[in-house]
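One letter stands for each residue in the lines below.
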Amino acid sequence: MTAMTSGALMEYAEKRALQAAFGLTLSPATFTSYLALLTAAPTQTDGTMALETEFNTSTAYARVSFATGGFTGPSSASPSVISNTGVITYGPFTSAPGTCTWGMAVDASSGTSANNCVAYLLANSRTPLTGDSLTAAAAGFSATI
Amino acid sequence: MPATHRYSHPEGKGFGQHHAEASQRELPAEMRDLDMADGTEVEHADTDEDSGRPIVAWADASGNPRRTSIDPEFFREHFEPMAQDAPEGA
């Protein structure tokens, strides 16, 4: 089992990166990227969100789009870096959703069939209470390749 | 964001404030700043694939884009549909 590091591409995204590098067909060609919050560490080969433990939508949680705040990068450097440009905020929660420890960039706004793309270990775990919102800083989520 | 609904609370409470008070909790000031205030215009942007709950897109007081899933009954009771402009000649 490959140990996970923050900002690591998941197996699905590694395959897409190689397909792009060699000009192979990408399907889908584009998608909107959403950031999910997890309560347990993922494994690098986890293909979809069916294998992860995510905050429950019964708490008013919903995945937030990376795209609405935009991306910074990918940078013209080696290694190349991409990160979120805007602040990402969840909630307000209608009940306590538990403690999140990881984030996961995925390719669908909801559902367990979403493909896992990039995993992020949160610098600090967070346990929001009822009525709270949860904010992640701009540039808080970076991935390097 | 094409607004489709407006959050409306009979006592003017924010969405988070309403639920916090129902849990006997006073919402801290910094959380009130991030709350969905009474009168916030939202877009019914999505439906959660697993639970069927409506997901609304909205902007908080700082202008940051937000997405929140709503209990269907609470949505019916507290989110008023907004009149859509009729097309010309209709």
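Residues numbered from 1 in each chain as written. Chains lettered and ligands numbered in written order. Predicted model: local features only at pLDDT ≥ 70, side-chain atom pairs only at ≥ 80, totals over all residues. Heavy atoms only, no water.

1. Re the overall build of chain B
The helix and strand tally for chain B stands at three helices and five strands. Reading the secondary structure of chain B in the N-to-C direction produces β-α-α-β-β-β-α-β. Taken along the three principal axes of its C-alpha coordinates, chain B extends 50 × 30 × 25 Å. Classification of the 90 residues of chain B by burial places 39% in the buried group. Here the contacts in chain B between residues at least 6 apart in sequence split such that 49% fall between residues at least 24 apart. Accessible surface, chain B: about 5100 Å² in total, of which carbon and sulfur atoms supply 45%. The average position of the 8 basic charges and that of the 20 acidic charges among the side chains of chain B differ by 5 Å. (Helix = DSSP H or I, 4+ residues; strand = E, 2+ residues; numbered from the N terminus. Buried < 20%, exposed > 50% of the residue type's maximum accessible area, 1.4 Å probe, protein only. Contact = heavy atoms within 4.5 Å. Areas by Shrake-Rupley, 256 points an atom, 1.4 Å probe, with all protein chains shown as cover. Lys, Arg positive; Asp, Glu negative; His and termini not counted. Charge placed at Lys NZ, Arg CZ, Asp CG, Glu CD.)

2. Quick look at the interface of chain B and chain A
Taken together, the 27 residues of chain B in the interface contact 27 residues of chain A. Across the chain B-chain A interface, the total number found is one salt bridge. A salt bridge links B:Arg25 to A:Asp132, with the nearest nitrogen and oxygen atoms 2.9 Å apart. For the interface between chain B and chain A, the tally reads 14 residue pairs in polar contact (both at pLDDT 80 or more). Counting residues per element, the ones that place at least two in the side of chain B that touches chain A are helix 1 (15–22), strand 2 (41–47), strand 3 (54–59) and strand 4 (65–69) of chain B. Residue classes in the side of chain B that touches chain A are distributed as 10 nonpolar, eight polar and nine charged. (Salt bridge = Lys/Arg side-chain N within 4 Å of Asp/Glu carboxyl O. Polar contact = N/O pair within 3.5 Å; in protein donor to acceptor, adjacent residues only side chain to side chain. Nonpolar A, V, L, I, M, F, W, Y, C, P; charged D, E, K, R; others polar.)

3. A look at helix 1 (residues 11–21) of chain A
Residues and elements named next belong to chain A. Considered for burial, the residues of helix 1 that qualify are Tyr12, Ala13 and Arg16. The buried side chains of helix 1 occupy one side of the element, clustering within an arc of 90° when seen end-on. Facing away from the buried side of helix 1, by more than 90 degrees, are the exposed residues Leu18 and Ala21. Considering only its buried residues, helix 1 is in contact with strand 1 (8–9) and strand 8 (116–126). With its phi angle positive at about 70°, Gly23 sits one or two positions after the end of helix 1. (Arc of directions from axis to C-beta.)

4. A look at the environment of B:Ala20
With respect to the helices and strands, the residue B:Ala20 is situated in helix 1. Separated by 32 residues in sequence, B:Ala20 and B:Gly52 place their C-alpha atoms 24 Å apart.

5. Focus: the confidence of the model for chain B
In low-pLDDT regions, the fine details of the predicted coordinates are not to be read closely. Taken over all residues, the pLDDT of chain B has a mean of 93, while the share at 70 or more is 93%. Per the prediction output, this complex has pTM 0.93; the corresponding ipTM is 0.92. (pLDDT = per-residue confidence, 0-100.)

6. Some thoughts on the environment of B:Gly39
All names here are of chain B. Residue placement: Gly39 occurs in the loop between helix 2 (29–32) and strand 2. Looking at Gly39, the relative accessible area reads 36%, which means it is partly exposed. In this structure, the C-alpha to C-alpha distance between Gly39 and Asp71, residues 32 residues apart in sequence, is 18 Å. If we skip the residues at most four places from it in the chain, Gly39 touches Arg6 and Tyr7.

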